[in-house]
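Now for the letters of each chain:
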Amino acid sequence: MTEELDPVKVMKQEVGRAAAARVQSGSIVGLGTGSTTAFAIQFLGDRLKSGELQNIKGVPTSFQASVLAKKYGIPLVTLDDVDTIDIAIDGADEVDPQKNLIKGGGAAHTREKIVDSLAKEFIVVVDSSKMVDRLGSTFALPVEVLPMAVTPVTHAIAKLGGKSELRMGIKKDGPVITDQGNMVLDVTFAAIENPAELEKTLNNIPGVLENGLFVGVADLILIGEIIEGKPSVREF
Ligand code: 5RP
């Protein structure tokens, strides 16, 4: 029986491979979160195993990233151990024409923003469905909130025109709890006119830890596409 190939999975795989191929020996690598970055972590492990790549160290952005790094043999360090991050690879939920992002589909955007912003080069890995003309058009904006502040933050966001929904667990009753022990509001705005301003305004609400707007952080977007039935990777 032949296995049916899922085109989205193929795009994610190819783009993960392309990002992993850009990492050089001796690098400190920010390891992002999500299903696309998972392929990049796997391919980094393959390159280490084959000896093609040597002496890299990973800085994980989540529990998921550290589990995968350990599985694929990538040594890990923390931000206390390194002066700089050479390259970070991470996914995104939306990418606009200015290379601004919405992240946080995996509720990991707080640590992701710390690691990705510190990197000398931040490469975003996405399949073509993530490209949008305007942020917020397909994906609600994730906002990480301290549990005691969920109600006041919801009210403050409503005054800005946002409709908040507490993210609930799957195969777990109750809300999603982040790696930091907080909760996530998924916020829908009619339109995000000025992402840079909204990013700051949201982070200024007491009780908000971080939101998923990444403005001016990405250096390169690698987009997985299927063209005439064949997977390819476009640089943007
Ligand atoms: C996690 C993220 C992910 O990078 C984002 O949700 C994309 O995930 P995927 O590659 O699975 O589509 O921001 O917080």
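Predicted, not measured: the structure shown is a model, and the values here were computed from it.

Visitor: Break down the site of the ligand for me, citing the residues and quoting the values.
Guide: Around the ligand sit 18 residues, and of these T33, S35, T36, D93 and K130 come closest. T33 has a polar backbone atom sitting 2.8 Å from an oxygen atom of the ligand. Here an oxygen atom of the ligand and a backbone polar atom of G106 are 3.1 Å apart. Calculation on the ligand without its partners gives an accessible area of 380 Å², and the protein chains cover 91% of this total. Secondary-structure elements contributing two or more residues to the shell around the ligand are α2 (35-50) and α4 (109-118). A class-by-class count of the residues in the shell around the ligand yields three nonpolar, nine polar and six charged.

Visitor: Requested: an account of a nonpolar patch on the surface, with residues and values cited.
Guide: A grouping of L79, I114 and L118 is seen on the molecular surface, where their side chains present a nonpolar patch of about 250 Å² in accessible area. Along the chain, I114 falls in helix α4. Owing to a relative accessible area of 43%, I114 belongs among the partly exposed residues under this scheme.

Visitor: Report on the sheet that holds strand β10 (residues 208-211), specifying residues and quantitative values.
Guide: Strands belonging to one sheet form pairs held by backbone hydrogen bonds; the direction of such a pair is parallel or antiparallel. Spatially, the four strands line up as an open sheet ordered β8-β9-β7-β10, and their pairing is antiparallel. The sheet is open, and its two edges are formed by β8 (163-166) and β10, each paired on a single side. On average, each strand axis in the sheet is inclined to that of its neighbour by 30°, with strand direction left out of account. In terms of strand pairing, β8 meets strand β9 (residues 183-188) through four bridges, oriented antiparallel. Following the sheet pairing, L166 is matched in β9 by L185. Across the sheet, α4 touches β7 (141-145) and β10, and the angle it forms with β10 is around 65°.

Visitor: I'd love a proper account of the pattern of salt bridges, names of residues and values included.
Guide: Pairing is possible between side chains of opposite charge, provided their charged atoms come close. Taken as a whole, this structure holds 11 salt bridges when the rule is applied. Linking K103 and E112 is a salt bridge whose minimum nitrogen-to-oxygen distance equals 3.1 Å. The exposure class assigned to E112 is buried, which follows from its relative accessible area of 3%. By sharing partners, the salt bridges in this structure join D90, K103 and E112 into a single network.

Visitor: Explain helix α6 (residues 195-203) residue by residue, including any values.
Guide: Within α6 the residues assigned to the buried category are P195, L198, E199 and L202. The buried residues of α6 all sit within an arc of 105° when viewed along its axis, so they share a single face. Exposed and facing more than 90 degrees away from the buried side of α6 are E197 and K200. Looking at the buried side of α6, the elements it contacts are α4, β7, α5 (150-159), β10 and β11 (213-214).

Visitor: Please give an account of the environment of D219 that cites residues and values.
Guide: Summarising the element assignment, D219 is placed in the loop between β11 and β12 (220-227). For D219, a relative accessible area of 37% translates into the label partly exposed. Linking D219 and F139, residues 80 residues apart in sequence, is a C-alpha distance of 22 Å. In contact with D219, other than residues within four places in its own chain, are K99, K120, E121 and F122. A polar contact of 2.7 Å, which involves the side chain of D219, links it to the backbone nitrogen of F122.

Visitor: Go over the pairing of strand β3 (residues 85-90), please, and point to the residues and values.
Guide: The element β3 is largely enclosed, with a buried count of five among its six residues. With three bridges connecting them, strand β1 (residues 28-31) and β3 associate as parallel partners. The partner of L31 across the bridge, within β3, is I89. Of the pairings in the sheet, the one linking β3 to strand β6 (residues 119-127) comprises five bridges and is parallel in character.

Visitor: So what's going on with the sheet that holds strand β5 (residues 101-102)? Which residues, and what values?
Guide: Taken in spatial order, the three strands make up an open sheet running β4-β5-β11, and their pairing is antiparallel. Looking at the sheet topology across the chains shown, the edges are occupied by β4 (94-95) and β11. Inspection of the sheet shows β5 paired to β11 by two bridges, in the antiparallel sense. Note that in β11 the partner of L101 across the bridge is F214.

Procedures and definitions
Residues numbered from 1 in each chain as written. Predicted model: local features only at pLDDT ≥ 70, side-chain atom pairs only at ≥ 80, totals over all residues. Heavy atoms only, no water. Near = heavy atom within 4 Å. Polar contact = N/O pair within 3.5 Å; in protein donor to acceptor, adjacent residues only side chain to side chain. Areas by Shrake-Rupley, 256 points an atom, 1.4 Å probe, with all protein chains shown as cover. Helix = DSSP H or I, 4+ residues; strand = E, 2+ residues; numbered from the N terminus. Nonpolar A, V, L, I, M, F, W, Y, C, P; charged D, E, K, R; others polar. Patch = residues over 30% accessible without salt bridge, like charges linked within 9 Å, V, L, I, M, F, W, Y side chains within 5 Å. Salt bridge = Lys/Arg side-chain N within 4 Å of Asp/Glu carboxyl O. Buried < 20%, exposed > 50% of the residue type's maximum accessible area, 1.4 Å probe, protein only. Pairing = 2+ DSSP bridges. Axes fitted to C-alpha atoms, helices over the stretch in contact; angles between N-to-C directions. Contact = heavy atoms within 4.5 Å. Arc of directions from axis to C-beta.

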